[in-house]
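The chain contents come next:
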Amino acid sequence: MRVVVTGGAGFLGSHLCDRLVSEGHDVICLDNFFTGSKQNIKHLLHNDNFELIRHDIIEPILLEVDQIYHFACPASPVHYQYNPVKTIKTSVMGTINMLGLAKRVKARVLLASTSEVYGDPKVHPQPESYWGNVNPIGERSCYDEGKRVAETLMMDYHRQSGVDIKIIRIFNTYGPRMAIHDGRVVSNFIVQALQNKNITIYGRGTQTRSFQYVDDLIEATYRMMQTDNFIGPVNIGNPDEFTILELAEQVIDLVGSSSKIIYKPLPKDDPAQRQPDISLARERLDWRPTIPLQEGLKKTIAYFDRLLSEKNNQTILI
Ligand code: NAD
Ligand code: UDP
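Residues numbered from 1 in each chain as written. Chains lettered and ligands numbered in written order. Predicted model: local features only at pLDDT ≥ 70, side-chain atom pairs only at ≥ 80, totals over all residues. Heavy atoms only, no water.

### A word on the site of ligand 1
Here comes step 1: The environment of ligand 1 is formed by 29 residues, the closest being D31, T35, Y143, K147 and T173.
Here comes step 2: Between ligand 1 and C73 there is a distance of 3.4 Å, counted from an oxygen atom to a backbone nitrogen or oxygen.
Here comes step 3: Relative to its unbound accessible surface of 830 Å², ligand 1 loses 97% to contact with the protein.
Here comes step 4: Elements with a minimum of two residues in the shell around ligand 1: α1 (11-22), β5 (108-114) and α4 (141-161). (Near = heavy atom within 4 Å. Polar contact = N/O pair within 3.5 Å; in protein donor to acceptor, adjacent residues only side chain to side chain. Areas by Shrake-Rupley, 256 points an atom, 1.4 Å probe, with all protein chains shown as cover. Helix = DSSP H or I, 4+ residues; strand = E, 2+ residues; numbered from the N terminus.)

As structure tokens, this is what we get:
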């Protein structure tokens, strides 16, 4: 297959490129390097079946491909709120461009949507049938509503033009190749703990998240793309739910850190709880996550430990 990965130099996209290259596909990675990095895909550049194109998906692009994994979009609140207008343009115009491409060359297109379409959920755990509780005018809206519009566009191109689509809703995913300055909770806590700096909990740390290790996500994504007669949306996440305080304690413990926990203000509209109902993924993809939090954290800690020592023990400020 000739395959495009938008956002292929990012955290998730680069792991997906690894998988696709190893499966023998011809892979084109499209990225504008807003949050992605050449480091994440450097090891792939010597492969004959891997190609990198610097491209902003807000602009159309013409390619001959069979499949499109559409992952381009900043995912950390710090980054998607840096330029919110650009974030929503990426979701809306970027998705229109990928759907236009899919329609023209009759490619299958898979959208990396998000659990954020459920907002601050009033139904727990969240099944795909839940329509969500999203603030349309808040600081997270550029991302949440952008992805909701992206899902709508996917469905409308499918209904109106017969485009072959897939939608996955990804729940909090972590692992190696998150950027040091990514700003999401797992990388923040690990980088802080490795440097014996204060661990910054926003709010009281009673809010919950369900953390999925990246390898589980990639397996589910790949399966979803190969499946016929199932467009989703389908939740992909690990249902094991933890409070943010529990996460902080576990990271401190695994690192053996002398970090202290400090409390900072809770950002606006921060969801209080989140846990995927993955019955549909189990049934339709024969998939379930296999990597528990502790095991995934150990791998991620090892990655950041190596990264920090490669940087000659520079102090990383987060
Ligand atoms: P990331 O920030 O590491 O990766 C995003 C990639 O997209 C980066 O390489 C960035 O440079 C690129 N990009 C951003 N805007 C672009 C544009 N206009 N044109 C071209 N490239 C652009 O984030 P990630 O965690 O790897 O997330 C990847 C995708 O998965 C995103 O669509 C995100 O919404 C989705 N997702 C991730 C999670 C998670 O927990 N990691 C959860 C839900 C959904
Ligand atoms: N969070 C935190 N400290 C940090 C970064 C994040 O306490 O240094 C909290 C954040 O307020 C949220 C949770 O951790 O309640 C998950 O945040 P993240 O940005 O990783 O993902 P999202 O909120 O988008 O699920």
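### Remarks on the UniProt feature "domain: NAD(P)-binding" (unreviewed entry) in the chain
Here comes step 1: UniProt records the feature "domain: NAD(P)-binding" (unreviewed entry) at residues 5-300, using the numbering of this structure.
Here comes step 2: Taken end to end, residues 5-300 is 37% helix and 18% strand, and its first and last C-alpha atoms sit 23 Å apart. (UniProt positions renumbered as here; feature names shortened; annotations may be inferred.)

### A few points about the site of ligand 2
Here comes step 1: T200, Y202, R209, D270 and R274 are the nearest of the 18 residues found near ligand 2.
Here comes step 2: Contact between ligand 2 and N172: an oxygen atom at 2.9 Å from a side-chain N or O atom of the residue.
Here comes step 3: Between ligand 2 and Q207, the relevant distance is 2.9 Å, taken from an oxygen atom to a side-chain nitrogen or oxygen of the residue.
Here comes step 4: The protein chains hide 96% of the 520 Å² of surface that ligand 2 would expose on its own.
Here comes step 5: At the level of elements, α5 (185-194) and β8 (199-202) are the ones that each hand at least two residues to the shell around ligand 2.
Here comes step 6: Within the shell around ligand 2, the residues separate by chemical class into seven nonpolar, five polar and six charged. (Nonpolar A, V, L, I, M, F, W, Y, C, P; charged D, E, K, R; others polar.)

### Here we look at the sheet that holds strand β4 (residues 67-70)
Two orientations exist for strands paired in a sheet by backbone hydrogen bonds: parallel and antiparallel.
Here comes step 1: In space, the seven strands of this open sheet follow the order β3-β2-β1-β4-β5-β6-β11, with parallel pairing throughout. At either margin of the open sheet sits one strand with a lone partner, and together these are β3 (50-54) and β11 (234-236). Recorded for the sheet is a direction-independent mean angle of 20 degrees between the axes of neighbouring strands.
Here comes step 2: Here strand β1 (residues 2-6) pairs with strand β2 (residues 26-31) via five bridges, running parallel. In the sheet register, V3 faces β2, and the bridge partner there is V27.
Here comes step 3: The strands touched by α1 within the sheet are β1, β2, β3, β4 and β6 (164-170), with β1 carrying the most contacts at an inclination of about 165 degrees.
Here comes step 4: Sheet contacts for helix α6 (residues 214-226): β4, β5, β6 and β11; angle to β4, the most-contacted strand, approximately 145 degrees. (Pairing = 2+ DSSP bridges. Axes fitted to C-alpha atoms, helices over the stretch in contact; angles between N-to-C directions. Contact = heavy atoms within 4.5 Å.)

### Topic: the pattern of salt bridges
Here the idea is simple: oppositely charged side chains can pair when their charged atoms come close.
Here comes step 1: All told, the structure shown has 15 salt bridges when counted by the stated rule.
Here comes step 2: Two residues, D164 and R108, come together in a salt bridge whose shortest N-O distance is 2.8 Å. Here D164 is found in strand β6, whereas its partner R108 is found in strand β5, with 56 residues between them in sequence.
Here comes step 3: Since its relative accessible area comes to 32%, D164 is described here as partly exposed.
Here comes step 4: By relative accessible area, which is 14% here, R108 ends up buried.
Here comes step 5: If you follow the salt bridges from partner to partner, you end up with R19, E23, E219 and R223 in one network. (Salt bridge = Lys/Arg side-chain N within 4 Å of Asp/Glu carboxyl O. Buried < 20%, exposed > 50% of the residue type's maximum accessible area, 1.4 Å probe, protein only.)

### Describing unusual backbone geometry
Here comes step 1: Note the cis peptide between H124 and P125, where omega equals -10 degrees.
Here comes step 2: Within the secondary structure layout, P125 lies in the loop between β5 and α4.
Here comes step 3: Omega for the bond connecting G232 with P233 falls within 30 degrees of zero, at 0 degrees, which places this linkage in the cis form.
Here comes step 4: The topology assignment puts P233 in the loop between α6 and β11.
Here comes step 5: Positive phi values are uncommon outside glycine, yet F33 reaches one of about 60 degrees.
Here comes step 6: Here F33 shows up in the loop between β2 and β3.
Here comes step 7: Positive phi, normally seen in glycine, also occurs at D286, with a value near 50 degrees.
Here comes step 8: You can call D286 exposed: its relative accessible area is 63%.

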